[in-house]
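Spelled out from the first residue to the last, the chains are:
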Amino acid sequence: MRNASGESLLRTQYITEDLPLDTTALAQAAARRLVTIDQRFQGMPIRSLYYPLERMGAAHARHVLQVPAPLTGRDQLLRQLAWLLAAITLLVGGASFAGGWWLGGRMVRPVHEIMDQAESMRAGTLGRRITARADTREYERLVAVLNGMIARLEGAFGSQRRFTADASHELRGPLTALRGEVEVALRRERDPEEYRRVLASSLQEADRLTQLAEDLLTLARSDAGVMQPRLQVTDLSVRAAAIGERLAHRAEAKAIDLQVEATTPTNALVDPGLIDQLLWNLVENAIKFTPPGGRVDVRVTEAEGEVILEVRDTGPGLPEDALERVFERFYRADAARTPAGDASGTGLGLSIVRAITEVHSGVVRARNAAVGGAVFRVTLPTDPGQARRDPARTTTA
């Protein structure tokens, strides 16, 4: 017990020396406030309570009781708790790391298996499919998507190989014929009339090679995505009538009645040159496969923001399985398509028609007429840019 000036008046017999005094705490206790403060006594931490005895009665005015309590046990307990928490943290952290490493490895392992199988595929092994984890629910869709992509690549490679083989075959024919004519002509001296015949035949083969090269170049530009139409407002009725006039002599040579029904102006934003090529191929194809004395009708109409080009012939029509294949490159209908079994041409005309139609965001389809003959229908938007912005529109044949 101390007085207001800090002098020790009384202490317990268990303490052999005075407790350390904190004058600030003593002053606050003398003002009848309870004060606790941490101190050190005889080398150990303690917590002292300064209690104003005036609260117990006026006889103890200005007397302050200082009661110490050791903090060694508390500090030891706190240290033990700190070590325990550190150990638990390390244990949980280590277990979490090990578990995450194991779980991550288990989750990533199937992805590596799928990647290994995908990386092992080459152009000659596209017939294979990814089988790793194909039956695992978590990876089923990923494997299905990759296999679908591989199937599309296989189809594209197959089409490219067929295209290359067919192009080589088509080029070899006229080259062989041209070389044969020249070799025969050079074996001995011939009169001028025979030389003129050989030159005329060679010129025909050269024209065929030129046409084939131009058609291949057109399709190559389409495949490369560099066939950029030079769009301008064009009256398709006028273009159809002009193509009809240019091919009229071919129709007359086979006694075919060629009619162009395109009197109403039908304006559309198209490339005039490409549209001329499209119309030429369709009308020429119809004349080629229409028997003598037949009829070819060309019709141009407009409806609901679209221009419809329709070419109808009175030939034998197309087999049902050829209605889609007819647009494939180098595809030719069988001899039943033409009475003479004529298989002339490059076999690329309708493929070019489809390529030109698609670059204009249009649609081309083939069907057989109810009364006989084939009908080719090309639907073009009057504004290709608007059609491309419409996701519901398709441009496939």
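For the structure, see preceding data.
The residue numbers shown here count from 1 along each chain, following its written sequence. For a predicted model such as this one, the threshold for reporting local features is a pLDDT of at least 70, and the threshold for listing and counting side-chain atom pairs is 80 or more; totals across whole chains, interfaces and linings nevertheless cover every residue. Only hydrogens and water are set aside; all other atoms, that is, all heavy atoms of the structure, feed into the side-chain values.

Draft legend 1. Layout of the packing of aromatic side chains. Ring pairs shown here join Phe, Tyr and Trp side chains whose ring centres sit within 6.5 Å, with only the six-membered ring taken for Trp; geometry is labelled stacked below 30 degrees between planes, edge-to-face above 60, and tilted in between. Taken as a whole and assessed by the stated rule, the structure comprises two aromatic pairs. Relative to Trp101, the ring of Phe97 lies with its centre 6.0 Å away and its plane at 40°, an arrangement referred to as tilted. You can see Phe97 and its partner Trp101 sitting in helix 2 (residues 72-119), four residues apart, about one turn around the helix. On the basis of an interplanar angle of 85° and a centroid distance of 6.2 Å, the ring pair of Phe327 and Phe376 is categorised as edge-to-face. Of this pair, Phe327 sits in the loop between strand 8 (306-313) and helix 8 (349-359) while Phe376 sits in strand 10 (residues 374-381), and the two are 49 residues apart along the sequence. Secondary structure counts use DSSP, requiring at least four H or I residues in a row for a helix and at least two E residues in a row for a strand, with both numbered from the N terminus.

Draft legend 2. Structural context of helix 8. Here helix 8 lies mainly inside the structure; eight of its 11 residues are buried. Each residue is assigned to one of three classes by its accessible area relative to the maximum for its type, calculated with a 1.4 Å probe on protein chains only: buried under 20%, partly exposed between the two thresholds, exposed over 50%. Within the span of helix 8, buried status applies to Leu350, Ser351, Ile352, Val353, Ala355, Ile356, Thr357 and Val359. In the segment just after helix 8, Ser361 is the residue with positive phi, at about 60°.

Draft legend 3. Examining empty space enclosed by the protein more closely. Site definitions follow a grid-based scheme: protein atoms alone, a 1 Å grid, a 1.4 Å probe that fits but cannot get out for cavities, and for pockets an open set with protein on both sides within 12 Å along at least five of seven lines, plus lining residues having an atom within 4 Å of a point. Grid points are joined across faces, edges and corners, and a volume is the space filled by probe spheres set on the points. The final tally for this structure, using the stated rule, is one cavity of 30 Å³ or more. Approximately 30 Å³ is the volume found for the largest cavity. Along the walls of the largest cavity sit Asp297, Val298, Arg299, Glu310 and Arg312, which together make up its complete lining. Going through the elements one at a time, strand 7 (295-303) and strand 8 are the ones with two or more residues in the lining of the largest cavity. Looking at which element gives the most residues to the lining of the largest cavity, the answer is strand 7, with three residues. A class-by-class count of the residues in the lining of the largest cavity yields one nonpolar, no polar and four charged. Under this grouping Gly is polar, as are all residues other than the nonpolar Ala, Val, Leu, Ile, Met, Phe, Trp, Tyr, Cys and Pro and the charged Asp, Glu, Lys and Arg.

Draft legend 4. Examining the pattern of salt bridges more closely. Salt bridges, as used here, are contacts in which a Lys or Arg side-chain nitrogen is within 4 Å of a carboxyl oxygen on Asp or Glu. The full count for this structure, using the stated rule, is 14 salt bridges. For Glu310, the salt bridge goes to Arg377, with nearest N and O atoms at 3.1 Å. With Glu310 in strand 8 and Arg377 in strand 10, this residue pair connects regions lying 67 residues apart in the sequence. Residue classification places Glu310 among the buried positions, given a relative accessible area of 8%.

Draft legend 5. Main features of the packing of helix 7 (residues 272-288) against helix 8. What counts as an axis is a line fitted to C-alpha atoms, over the stretch in contact for a helix, and the angles between N-to-C directions run from 0 to 180 degrees. As a packed pair, helix 7 and helix 8 sit with axes 9 Å apart at the nearest point and diverge in direction by 145°. Along this stretch, helix 7 crosses helix 8, giving a crossing that reads as left-handed. Residue-level contacts link Leu274, Gln277, Leu278, Asn281, Leu282 and Asn285 of helix 7 to Gly349, Leu350, Ile352, Val353, Ile356, Thr357 and Val359 of helix 8. Looking at the contact of helix 7 with helix 8, its residues break down into eight nonpolar, five polar and no charged. A clockwise turn of the near helix away from the far one marks a right-handed crossing, whereas an anticlockwise turn of less than a right angle marks a left-handed crossing. The contact definition used throughout considers only heavy atoms, calling two residues in contact when any of these lie within 4.5 Å.

Draft legend 6. Region of interest: the environment of Val64. Relative to the helices and strands, Val64 is located in strand 3 (residues 64-70). Under the relative-accessibility criterion, Val64 is labelled buried at 1%. As for Val64 and Asn3, which are separated by 61 residues in sequence, their C-alpha atoms are 6.0 Å apart. Those residues in contact with Val64, other than ones at most four positions away along the chain, are Met1, Arg2, Leu26, Ala29, Ala30, Tyr50, Tyr51 and Leu53.

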